[in-house]
Amino acid sequence: MRGRQMAVCSREREYVQRFAEYVNRRPASLLAVHGFTDSGELSAYTKEHPVDLLLLSEEIAAELPKKKEYGTVILLSGEEYQTGPQTEYPRIYKYQSCPQILRQAMDFYAEQAAVVPGVMLRTEGMKRIAVYSPVGRTGKTGFALALGKEIAKKRRTLYLNLEEYSGFAELYPVDGGWTLSELLYFLKQGKSAFGWKLEGMIRSMGEMDYIPPLRSPVEYETVKREDWKQLLELLEKESRYEVVILDLSEAVDGWYELLDACSGIYTPVEPDETAKAKMKQYEETLKLLELEQILERTQKLELSAYDGLELLVKSEGKRWCEP
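Residues numbered from 1 in each chain as written. Predicted model: local features only at pLDDT ≥ 70, side-chain atom pairs only at ≥ 80, totals over all residues. Heavy atoms only, no water.

J.: What exactly am I supposed to notice about the nonpolar core here?
T.: Ranked by size, the top nonpolar core spans 66 residues in total, and within it Phe19, Leu162, Trp228 and Leu231 carry the most contacts. Examining the composition of this core, we find that 7 residues originate from one element, helix α4 (residues 98–112), more than from any other. In contact with phenylalanine 19, other than residues within four places in its own chain, are Met6, Val8, Val33, Leu55, Cys98, Ile101 and Leu102. In terms of nonpolar packing, the next biggest core, distinct from the first, is built from 22 residues, Leu145, Leu147, Met205 and Trp320 among them. (Core = buried A, V, L, I, M, F, W, Y, C linked by side-chain atoms within 4.5 Å. Buried < 20%, exposed > 50% of the residue type's maximum accessible area, 1.4 Å probe, protein only. Helix = DSSP H or I, 4+ residues; strand = E, 2+ residues; numbered from the N terminus. Contact = heavy atoms within 4.5 Å.)

J.: Can you walk me through the sheet that holds strand β3 (residues 53–57) in this structure?
T.: Within a beta sheet, neighbouring strands are joined by backbone hydrogen bonds and run either parallel or antiparallel to one another. Read across the open sheet, the 5 strands follow the order β2-β1-β3-β4-β5; overall the sheet is parallel. Two strands close off the open sheet at either side, each with one partner strand: β2 (31–36) and β5 (91–93). On average, each strand axis in the sheet is tilted by 25° relative to the strand beside it, whichever way the strands run. Pairing analysis gives 4 bridges linking strand β1 (residues 4–9) to β3, with the strands arranged parallel. For valine 8, the partnering residue across the bridge sits in β3 and is leucine 55. In the packing of helix α8 (residues 194–201) onto the sheet, the strands contacted are β1, β2 and β3, and the crossing angle to β1 comes to about 55°. (Pairing = 2+ DSSP bridges. Axes fitted to C-alpha atoms, helices over the stretch in contact; angles between N-to-C directions.)

J.: Help me out: how do you make sense of the environment of methionine 279 in this one?
T.: One can find methionine 279 in helix α12 (residues 273–288). Overall, the relative accessible area of 6% leaves methionine 279 in the buried class. Linking methionine 279 and proline 217, residues 62 residues apart in sequence, is a C-alpha distance of 23 Å. When neighbours within four sequence positions are excluded, methionine 279 is seen to be in contact with Pro134, Thr267, Val269 and Lys300.

J.: What exactly am I supposed to notice about the side chain of asparagine 161 here?
T.: Position of asparagine 161 among the secondary structure elements: in strand β7 (residues 157–162). Assessed through its relative accessible area of 1%, asparagine 161 is described here as buried. Within the structure, asparagine 161 has its side chain in polar contact with the backbone nitrogen of glutamate 163 (distance 3.0 Å). In this structure the side chain of asparagine 161 is engaged in a polar contact, spanning 3.3 Å, whose partner is the side chain of aspartate 247. Beyond its immediate chain neighbours, meaning those up to four positions away, asparagine 161 contacts Thr141, Ser166, Phe168, Pro213, Tyr220 and Asp247. (Polar contact = N/O pair within 3.5 Å; in protein donor to acceptor, adjacent residues only side chain to side chain.)

J.: In this structure, what is going on with the pairing of β7? I would like to understand it.
T.: Both faces of the sheet carry side chains from a regular strand, because those side chains alternate between them. Most of β7 sits out of view: 6 of its 6 residues are buried. On β7, burial covers both faces: Thr157, Tyr159 and Asn161 on one face and Leu158, Leu160 and Leu162 on the other are all buried. One ladder, built from 6 bridges, connects β7 with strand β10 (residues 243–248); its direction is parallel. From the neighbouring strand, asparagine 161 faces β10, where its bridge partner is aspartate 247. Here β7 pairs with strand β9 (residues 208–210) via 2 bridges, running parallel. Of the residues in β9, the one forming a bridge with tyrosine 159 is tyrosine 210.

Following this line, the structure appears as structure tokens:
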């Protein structure tokens, strides 16, 4: 499959290099960025290699004739606020962080893109791993993050926190406010350019990628099981992720079905009587729903019994990285 092609053209060589390096070093990305510092280089390259999206400095824009090889054009403006007349092309502020520039460009392109049929990117299915427990305060999220980071050393891995109160906005603040909510809303609108939208949403923790989670429990009420199913299907079909980690909670509509669709399930537990009672009720519920197969794929972990997670996640990570 031909990847997504972007070009950035500015006379500021260091600016071009920094942006291209930022985008191109992301391991799970389908996007390739080619940098140019003058209109002649850009024109010569795109004659043989058309690009989908061109980020173009305003000072160079007048030198370039309109060509279909340039795809969608977005101007990079040195002015933070547009004071002049509306230009033919949309403009974004040039001197902001690389993630912000990429996110705004991807968002615009995804909204404008024509319908493009999805293409399966792998012969082997994406592995789905759930971390879920009916028992609270078990270290579930800490384990899910550690496992994801370990697997990401060998496999392209995406972490999705699907808890009511994840605390991510405080623990892992990022510039800009886009979250999984915007991606799900994009899908609800029936837009087709999922891969482009995804490119602008991704954040990274070391080698592991994640999408900032929904902001509040209220947002979960508008997301139905069909939406979650569609999201995971598109991740498998139109991304390069080999593994997705679902840090799951009961806030998700159809969370039983998501568990059932996972290759492996980790359930942190605690040894006290209350925790045992909750676990027993959960297991009995699965049996009543005739979902015993979830229990068969479940590995219980008493995380408080381990002296740190390092050895545990290395062992479990190795399991998911084997051919």
